[in-house]
Amino acid sequence: MSLFLKFLVAAVAAGTPLLFGTVGEILNEKVGHLNLGVEGMMALGACAGFMTAYLTDSLALALLASFAAGVLASLIYAVLTVTFLANQNVAGLTLTIFGTGLSNFIGVYMISRSAEGTLKLPAKVTASLAAVHIPGLSDAPVVGELLFSYNVFVYLGVAVALAAGWYLYGTKTGLNVQAIGENPGAADAASIPVNKFKYINLLLGGGICGIGGAYCSMIINGGVWLSDSVGGLGWIAVALVIFAAWKPQLAILGSFVFGGLRVLKYYVPTGAVPIAFFDMLPFLMTALVLIVTSMRGSKGSHIPASLGVNYFREDR
């Protein structure tokens, strides 16, 4: 039981960056934009968050920097696809290549200027990334370890997912946003500012993805800067949107399930199965999700009807 409990705790921690990426992509897709640049936005957020923490010794500033980097990266995508009506798939893939390359370039440049030949987060920041201790709750048996033994990123991710769910399904603005994703022409005819809401959702989603990237560089990598710190999690997040049926609340469950797949190799005997199989497992499950979804088609799907289709007002 103790080993299983530790596995659940590790699954939650490993799934947190996926939660940020999935919620950010849901906000993008709800306005009809299939943004394949999640990996790039997370990479830029990873770089901005880590470097800010390294230079300023402040976790709060690092979070703001990672969010801002995601917003700026998403702004590039938004201008290309909303204003200039560029192909969404091409723009997203370009953003991924650009974001990953720029993040690695900045990392190599900063390492070259470091006397130690490596970049390590300051002790103050590292301490602030430890598990948050909640008196009376964190010390409770089983429940305390399962629910109240995580760092600030985990609680922030859950809060963001719940807030995004309330925003999309519990507010008039969220209903307008969903109307845009279903039929932007009809939403425009109903006096809903289509392009305005597209920009807002794209930028907000990009910022959330950026925070997920900061988690990768600051926690998963042990406080040491490594190139390609996101490691493909952005692509898994895109598939998790389907797994979560475009609902931020379900993204919490989906991200932790896939987080469990990422850490499974540490909790099961691996003698009979090559360790590489467990490294491949999250990506294999991602492919299976996409295959099953394609076989089902649109039946029972919550996919926005105008997903991937640019809106040009003069065509309506």
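In this text the structure is predicted, and so the values were computed from the model without any measurement. (Residues numbered from 1 in each chain as written. Predicted model: local features only at pLDDT ≥ 70, side-chain atom pairs only at ≥ 80, totals over all residues. Heavy atoms only, no water.)

1. Considering the nonpolar core
Nonpolar side chains tend toward joint burial in soluble globular proteins. What counts here: We call a set of buried Ala, Val, Leu, Ile, Met, Phe, Trp, Tyr and Cys residues a nonpolar core when their side-chain atoms join them within 4.5 Å. For each residue, the accessible area found with a 1.4 Å probe, counting protein chains only, is set against the maximum for its type, and the residue is called buried under 20%, exposed over 50%, and partly exposed in between. Only DSSP runs of H or I reaching four residues or more are called helices, and only runs of E reaching two or more are called strands; each is numbered from the N terminus. The contact rule is simple, with two residues in contact once any of their heavy atoms fall within 4.5 Å.
Counting 48 residues, the largest nonpolar core has V23, F153 and M218 as its most contacted members. Every element with two or more residues in this core is listed here: α1 (2–29), α2 (38–56), α3 (59–83), α7 (152–170), α8 (172–182), α10 (194–220) and α12 (248–263). Setting aside chain neighbours within four positions, we find F153 in contact with T16, F20, L59, L63, L129, I211, A214, Y215, M218 and I219.

2. Here's the deal with the state of the cysteines
How we decide: Working definition: a disulfide is two cysteine sulfur atoms within 2.5 Å of each other.
Applying the stated criterion to the full structure yields zero disulfides. Looking at the unpaired C209, the closest cysteine sulfur is the one in C216, lying at 11 Å. You can call C209 buried: its relative accessible area is 0%.

3. Notes on the packing of aromatic side chains
The relation between two aromatic rings is expressed through the spacing of the ring centres and the mutual angle of the planes. The condition that has to hold: Each aromatic pair joins two rings of Phe, Tyr and Trp (for Trp, the six-membered one) with centres within 6.5 Å, and gets the label stacked for planes under 30 degrees apart, edge-to-face for over 60, and tilted for any other angle.
Summed over the entire model, instances satisfying the criterion amount to seven aromatic pairs. Ring centres of F50 and W225 lie 5.5 Å apart, and the angle between their planes is 55°; on these two criteria the pair is classed as tilted. Separated by 175 residues along the polypeptide, F50 in helix α2 and W225 in the loop between α10 and α11 (233–243) bring together distant segments of the chain. Of the two residues examined, F50 and W225, each falls in the buried class.

4. Describing the pattern of salt bridges
Rules: The term salt bridge refers to a pairing of a side-chain nitrogen on Lys or Arg with a carboxyl oxygen on Asp or Glu at a separation within 4 Å.
All told, the structure shown has two salt bridges when counted by the stated rule. The residue R313 makes a salt bridge to D188 at a minimum N-O spacing of 2.8 Å. In this pair, R313 is assigned in the segment after α13 (275–296) and D188 in helix α9 (residues 184–189), connecting sequence segments 125 residues apart. The partner of D279 in a salt bridge is K265, with the nearest N and O atoms 2.5 Å apart. Of the two residues, D279 is situated in helix α13 and K265 in the loop between α12 and α13; the sequence distance between them amounts to 14 residues. The class for D279 is partly exposed, based on a relative accessible area of 38%.

Keep in mind these values describe shape, not function.
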